[in-house]
Amino acid sequence: MQNAKDSFYMALRTRLAAINPERTILLRGTVRPGILVEAAEAPFSQFPNDVYVLRWLGLGIDIDLGSTMAAEECEILYQTCGTQSFGGLDRGRSLDEMDRELVAMFAPFYTPKLNYTATPPTVMLTHVFWDEPGFGPISVQRDRLSRSAKVMVYSYQEQGE
Amino acid sequence: MAANWFSAPAPVARRVRAYFAPVNRVAQTPVLFDAAEQGGFSLDRPPAPWISLGWIQEFTRKSRSKTSPVLTGIPAATLEQVRTTLEAELSLQFLSWTKLTMALATGSQHMNLLVTASGAVPSGDGAQAAVAVIPQSGSTATSIVLTGADAAKFVPGSIIALDADYSGQMGFVGAPVAGAYVRQALADVDYIRRVTFNVGLVSQVNSTGLTLAEPLPGGAPTAGDKLQAVTGFVDRDGGSFYQEWSALFVMQGSQGERIFFHYPRLQNMAGAEEAAIPLDGKNKNGQTRVLLKGQYLALPVTDPLDGERVLCYRSFLPASNALVQ
């Protein structure tokens, strides 16, 4: 299942870099697209603004198929305080922009499954695919607006997984 | 060279995509889809002459064919079966309202509401129309050359209908899709442009003519074609005409596999009907999406391969590297 999670994350990351190349984060000395996996980074006391954070939640398995299907729920959290140049008064627009980018990242609703433990990554036989996301309400904390979206990510287990 | 493989479970698909191709009603010739040759097409760019109808939902199909046993012996036992009737029905809901989807979801002629002449007497399916204009030489499927005076009659965003004058033709009329069957001579010179499927949206207007947002289904204008502006569309519950079309439905699976349902001949079997779907499931009395409902009867074609009469071809293109046994 790790290959599916890695492939989903890398698909969103690649798409974000194309949709908005300016949304980046400096992390561990490297500038990279502004999306990360919570469980693959050092613990945050507070999530960074203006980037997407992936958090994996539930897991379901259906073994009564030709290939075992895994369904994993992914929550994508993001928040913004707007920009300094507008004194944060554009935080609503900034969150709307992140909403739009996230919607664009989800399409198309599939990506090839790759094994990222190999160098270079190897293409596997199946695709990872997902549903439309469900967006939660905006949460307001002082000048910070945040939102999360949840999506079910499906994949088939292949030999050796 | 070697390949790995996997055991593919049942396909998982999000939605169904529908495509239309015209049946030549005079020659009674449908358009056939060859999944072996054409099955890999991009869903947004179907091979000619197929035209996308967009996404559909509530796609259900049902075979109504009946079989009877041939009984022999005492006591009688089934020796074999014979197919006594050949019949299939399908229903769907279109997720868009276009000239094509409206026409295919109605039971009879589907008409263009031509821009009316000044002071024309109101009529249920459009009053007397303003005078048609003549495309000039050099026109194409996406660019209509007009005189400056004629071009000034259109604005960007206009809908146009392009087809021949009605001059006493009988039988099927309209190109490239037969829009009606004329049983008795009519008086309306614009009748063919009222029922034609050859419509388009004007994206630009200049002194030399019109540019269209999409190519006209009928291609470049031919001699005798004329052009009129359209305000919308109208259909009627009743009448004797049945739309007939070649249909292709595609389910794209999550692993790249494809299921095709190809009905060479479909005819409407119900009048115009809509389905209202609430946008917010928690507020049934709020905004609703109005979908066109279509119910169809499949008509048979004779397969030249073996002379069998068939209603539908179901093709399956498996995912890459999926086991097939």
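Model, not experiment: these values are computed from the prediction.

Can you walk me through the domain arrangement of chain B in this structure?
The extent of an interface is frequently quoted as the accessible surface area lost upon association of the parts. Residues and elements named next belong to chain B. Partitioning chain B into structural domains gives domain 1 (13–66 + 83–107 + 244–317) and domain 2 (110–235). One C-alpha centre belongs to domain 1, the other to domain 2; they are set 27 Å apart. Facing 10 residues of domain 1, the contacting portion of domain 2 comprises 11 residues. With 4 residues, the top contributor of residues to the side of domain 1 that touches domain 2 is helix H2 (residues 99–104). Classifying every residue of the side of domain 1 that touches domain 2 by side-chain character gives 7 nonpolar, 1 polar and 2 charged.

Sorry if this is basic, but what is going on with unusual backbone geometry here?
The general pattern is negative phi for most residues beyond glycine and trans for most peptide bonds. A cis amide bond, omega -5°, links Thr-119 of chain A with the succeeding residue Pro-120 of chain A. Mapped onto the secondary structure, Pro-120 of chain A falls in the loop between strand E6 (110–115) and strand E7 (122–130). The step from Ala-175 of chain B to Pro-176 of chain B runs through a cis peptide bond, and the omega angle for that step is 5°. Looking at where Pro-176 of chain B falls in the secondary structure, it is placed in the loop between strand E9 (171–173) and strand E10 (180–182). Not every positive phi belongs to a glycine, and Glu-58 of chain B is a case in point at roughly 55°. Located in the positive-phi region is Asn-321 of chain B, a residue other than glycine, with phi close to 70°. Within the secondary structure, Asn-321 of chain B is located in the segment after strand E20 (313–317).

Help me understand the pairing of strand E11 (residues 199–206) of chain B in this model?
On any regular strand, side chains alternate: one points to one face of the sheet, the next to the other face. Residues and elements named next belong to chain B. Examined bridge by bridge, strand E8 (residues 159–164) and E11 share 3 bridges and lie antiparallel to one another. Residue pairing across strands places Ile-160 opposite Gly-200, the latter belonging to E11. In the sheet, E11 pairs with strand E12 (residues 209–212) via 4 bridges, with the strands oriented antiparallel. Each bridged residue has a counterpart across the sheet, and for Val-205 the counterpart in E12 is Leu-210. Joining the antiparallel neighbours E11 and E12 is a turn of 2 residues.

Can you help me understand the packing of helix H1 (residues 2–19) of chain A against helix H2 (residues 91–106) of chain A in this one?
Two quantities define a packed helix pair, namely the angle between the axes and the distance from one axis to the other. All names here are of chain A. Between H1 and H2, the least distance of the axes is 9 Å, while the angle of their chain directions is 125°. The pairing of H1 with H2 is recorded here as oblique in orientation. The hand of the H1/H2 crossing is right-handed. Mapping the contact onto sequence places Leu-12, Arg-15, Leu-16 and Ile-19 in H1 and Glu-101, Ala-104 and Met-105 in H2. Of the residues contributing to the contact of H1 with H2, the split by class is 5 nonpolar, no polar and 2 charged.

What counts, and at which threshold
- Residues numbered from 1 in each chain as written.
- Chains lettered and ligands numbered in written order.
- Predicted model: local features only at pLDDT ≥ 70, side-chain atom pairs only at ≥ 80, totals over all residues.
- Domains from an automatic or database assignment.
- Contact = placed C-beta atoms within 7 Å.
- Helix = DSSP H or I, 4+ residues; strand = E, 2+ residues; numbered from the N terminus.
- Nonpolar A, V, L, I, M, F, W, Y, C, P; charged D, E, K, R; others polar.
- Pairing = 2+ DSSP bridges.
- Axes fitted to C-alpha atoms, helices over the stretch in contact; angles between N-to-C directions.
- Parallel < 35°, antiparallel > 145°, perpendicular 65-115°, else oblique.
- Left-handed = near helix turned anticlockwise from the far one by under 90°.

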